[in-house]
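Residue-level listing of the chains:
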Amino acid sequence: MAILAPVLALTASCQSKHGPILPPSAETAETPGSPGVSLIQMNDPKAGAQLVRGFYGIESNSWRWTAGKFAARFHVPPTGASAGATVTLNFVLPESAIQQLGHLTLTAAVNGTELQSSTYDHAGTFSFTGEIPPTLLNAESVTVDFSLDKTFHAGGDTRELGVVANSVGLAGK
């Protein structure tokens with residue numbers, strides 16, 4: 001596919017606009033006394049169980065395209081119901097998307113409650129973060145729904161494409 005090289009180059013060279021990007025070597029981990037972290041790496045074939053909808057298969061052994069609406073399920077961290085949590089999506093927005101769309105707005109929600117919305121008007125590597133209040137974390141697991149206001153098509157690819165996801169994580173506070 002013609003856009004693979006630019007996407008891989010962007011992943012390696014661009015800086016984050018919205019905060020630190022989680023390290024690619026991080027894994028799902030909880031240590032005694034910690035608030036708890038769950039990180040889904042898109043290159044992990046076992047991640048499919050937590051990717052509820054809207055994520056395509058692994059590409060280049062490292063990332064996945066998303067559709068316009070996509071969701072991931074997480075175990076609620078031990079401190080979630082009392083202190084809340086933060087969801088972070090690390091992704092690449094390719095130049096071909098910006099050329100077709102002009103800009104793109106990403107929104108995250110839990111149980112119909114919008115957490116955060118951010119608009120991106122240039123290509124690059126980004127880290128989107130949304131705060132989840134404790135009131136939305138009163139179950140054993142939580143599904144975070146993401147939506148894009150626009151999608152695009154690249155080359156001969158007939159799929160509805162959103163962003164190039166590298167990882168998505170949920171961390172307790």
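Here the structure is a predicted model, which means the values were calculated and not measured.

A.B. asks: Help me understand the overall build of the chain, please; the structure alone is not making it clear to me.
C.D. replies: Scanning the chain from N- to C-terminus turns up 3 helices and 9 strands. Along the chain direction, N to C, the helices and strands of the chain fall in the order α-β-β-β-α-β-α-β-β-β-β-β. On the chain, roughly 8,000 Å² of surface is accessible, and the fraction owed to carbon and sulfur atoms is 53%.

A.B. asks: Even after reading the chapter, I still don't get the environment of K69, so can you show me in this structure?
C.D. replies: Here K69 is to be found in strand β3 (residues 63–75). Once you skip the residues sitting within four places of it in the chain, K69 turns out to touch R53, G54, F146, S147 and E160.

A.B. asks: For this particular structure, what's the right way to read the side chain of N90?
C.D. replies: Of note, N90 is situated in strand β4 (residues 85–93). With a relative accessible area of 1%, N90 lands in the buried category. At a separation of 2.9 Å, a polar atom in the side chain of N90 contacts the side chain of S127.

A.B. asks: Whenever I open this one, the pattern of salt bridges confuses me. Can you help?
C.D. replies: Any two side chains of opposite charge can pair if their charged atoms end up close together. Overall, the coordinates contain 4 salt bridges when judged by the stated rule. Put simply, R53 and D145 hold a salt bridge, and the shortest N to O gap is 2.4 Å. One end of the pair, R53, is in strand β2 (residues 51–59); the other, D145, is in strand β8 (residues 141–148), and 92 residues separate them in sequence. Relative accessible area serves as the criterion here: at 42%, R53 is assigned to the partly exposed category. Between R159 and D157 there is a salt bridge, with its nearest N and O atoms 2.7 Å apart. The exposure class assigned to R159 is partly exposed, which follows from its relative accessible area of 22%.

A.B. asks: So what exactly am I meant to see when it comes to the confidence of the model for the chain here?
C.D. replies: Predicted coordinates in regions of low pLDDT should not be interpreted in detail. Confidence in the prediction for the chain averages 84 pLDDT; 79% of positions are at 70 or higher. The model gives residues 1–34 a pLDDT under 50, and that stretch makes 67 contacts with residues more than four places away or in other chains.

The rules behind the values
Residues numbered from 1 in each chain as written. Predicted model: local features only at pLDDT ≥ 70, side-chain atom pairs only at ≥ 80, totals over all residues. Heavy atoms only, no water. Helix = DSSP H or I, 4+ residues; strand = E, 2+ residues; numbered from the N terminus. Areas by Shrake-Rupley, 256 points an atom, 1.4 Å probe, with all protein chains shown as cover. Contact = heavy atoms within 4.5 Å. Buried < 20%, exposed > 50% of the residue type's maximum accessible area, 1.4 Å probe, protein only. Polar contact = N/O pair within 3.5 Å; in protein donor to acceptor, adjacent residues only side chain to side chain. Salt bridge = Lys/Arg side-chain N within 4 Å of Asp/Glu carboxyl O. pLDDT = per-residue confidence, 0-100.

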